[in-house]
Amino acid sequence: MDYSICPGISYYKTIAVINESHNIFLVQHQATKKIYVKKVLDIYNFSIYAYLRQNKITGIPQVIDIQEENNQLIVIEEFISGISLQEIMVTGQLSAASLVRYICDLCDILDHLHSLPTPIIHRDIKPSNIIITPYDHAVLIDFNAAKYLTNINTSDTILLGTKGYAAPEQYGFGSSTPQTDIYALGVLLKELTSTLPAPTDKFTSIINRCIQINPSDRFVSVKDLKEKLQGEKEPFKNSKSDFFTWKLLIPPGYRTLTPWKIVVSTTIYLFIFWLSLTMEFQGIYGPVLWMERIITLLIFLSIICCTFNYCNVQHFWPLCKSKNPILHYIGVLLLNVLIIFLLITILVIIESILVS
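In this report, the structure presented in the accompanying data block is examined. Worth saying up front: this structure is predicted, and the values here are computed from it rather than measured.

1. Digging into the overall build of the protein chain
Turning to step 1, where the next piece is worked out: Regarding its fold elements, the protein chain presents 10 helices and 10 strands.
Turning to step 2, where the next piece is worked out: Counting over 356 residues, the protein chain shows a buried share of 45%.
Turning to step 3, where the next piece is worked out: Taking the intrachain contacts of the protein chain between residues at least 6 apart in sequence as the baseline, contacts between residues at least 24 apart amount to 58%.
Turning to step 4, where the next piece is worked out: Carbon and sulfur atoms provide 62% of the accessible area of the protein chain, an area that totals close to 18,700 Å².

Shown next, in the form of structure tokens:
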């Protein structure tokens, strides 16, 4: 049997627990060995997940398979590598420019959902449901509370969402509409703004309009919200707080203070230092040898820094800012090649001086 095309849930083996209380697991397809996320949902809208399975939407994990049994929905979906926006907020590494970019990414995703023939309302936009990928763009996850837009005269009867982020209409004061997601974006924007290294009131008017009690007083659409945000982006374009806060100096591997990442990173750094500073080159001794060792060390460190966006270095290389993962990684590769070339050129020049 060709397992790679078989939709059976049984062909996915659990390899790790992501969130036991929410029944979220990391699984691996037994034949293809690809990694996915498995969710067991008690509250869900089957038709929403069926649509996401049939239609790939940029910025949303692709639903690979679904199976309904015993009043639960088992969902197998694409594994998104990255870090939650909640974790970034905790570390205090968010810049104003990044904040605008992430909210605009969410606006693009929601604009797609809201523009469907029968619009989908997410209804649970919050930091823990937003993953920031290695190429620094936002992905929206968790459609447990999502619903199709229905008769606006029909009020929501059950609160599905997260208190604090849920709009008034989710408490039974009206029906969920695109403005419901706009309300949540306003709350999110307010919370993110408070965590900036240099807090600003530039977004106050936008936030206030998003979180109006009356949905008709909010932005007409996420497109309008995005346009307003982009209008406020310019003041932060050259802001030092965006790129040079001391927290950006924390080496890759230590930014999130995750224990296992710290252990792995420390081991790698120690190995690189030991390997680079003890290398022997045939026929090379004295100052030239140490120069070779130091440049080798810098090459290793530059690869780590470029790959993991140390001090926002990728911001200055256009391809690295692409939303297309392939173009992004090509950009990172070219950036690494450029820096390695520069380091080797410097080594050659210095060696020629020392030898002469």
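2. Observations regarding empty space enclosed by the protein
Turning to step 1, where the next piece is worked out: As enumerated under the stated definition, the model contains three cavities of 30 Å³ or more in all.
Turning to step 2, where the next piece is worked out: Estimates place the volume of the second largest cavity at around 50 Å³.
Turning to step 3, where the next piece is worked out: Along the walls of the second largest cavity sit Lys39, Tyr49, Leu52, Ile60, Pro61, Val63, Glu77, Ile141, Asp142 and Phe143, which together make up its complete lining.
Turning to step 4, where the next piece is worked out: Across the lining of the second largest cavity, the residue classes tally to seven nonpolar, no polar and three charged.

3. Digging into the pairing of strand E5 (residues 72-78)
Turning to step 1, where the next piece is worked out: Taken across its seven residues, E5 has five buried, putting it largely inside the fold.
Turning to step 2, where the next piece is worked out: With six bridges connecting them, strand E3 (residues 35-41) and E5 associate as antiparallel partners. Of the residues in E5, the one forming a bridge with valine 40 is isoleucine 74.
Turning to step 3, where the next piece is worked out: Between strand E4 (residues 63-69) and E5, which pair antiparallel one after the other, the connecting turn spans two residues, and asparagine 70 there sits at a positive phi close to 55 degrees.

4. Considering unusual backbone geometry
Turning to step 1, where the next piece is worked out: One non-glycine residue with positive phi stands out, namely asparagine 23, at about 55 degrees.
Turning to step 2, where the next piece is worked out: On the secondary structure map, asparagine 23 appears in the loop between strand E1 (12-19) and strand E2 (24-29).
Turning to step 3, where the next piece is worked out: Owing to a relative accessible area of 26%, asparagine 23 belongs among the partly exposed residues under this scheme.
Turning to step 4, where the next piece is worked out: Located in the positive-phi region is asparagine 70, a residue other than glycine, with phi close to 55 degrees.
Turning to step 5, where the next piece is worked out: A relative accessible area of 68% places asparagine 70 in the exposed class.

Basis of the calculations
- Residues numbered from 1 in each chain as written.
- Predicted model: local features only at pLDDT ≥ 70, side-chain atom pairs only at ≥ 80, totals over all residues.
- Heavy atoms only, no water.
- Helix = DSSP H or I, 4+ residues; strand = E, 2+ residues; numbered from the N terminus.
- Buried < 20%, exposed > 50% of the residue type's maximum accessible area, 1.4 Å probe, protein only.
- Contact = heavy atoms within 4.5 Å.
- Areas by Shrake-Rupley, 256 points an atom, 1.4 Å probe, with all protein chains shown as cover.
- 1 Å grid on protein atoms, 1.4 Å probe; cavity = no way out; pocket = protein on both sides within 12 Å on 5 of 7 lines; lining within 4 Å.
- Points joined across faces, edges and corners; volume = space filled by probe spheres on them.
- Nonpolar A, V, L, I, M, F, W, Y, C, P; charged D, E, K, R; others polar.
- Pairing = 2+ DSSP bridges.

It is worth stressing that arrangement in space is one thing and function is another; only the former is reported here.
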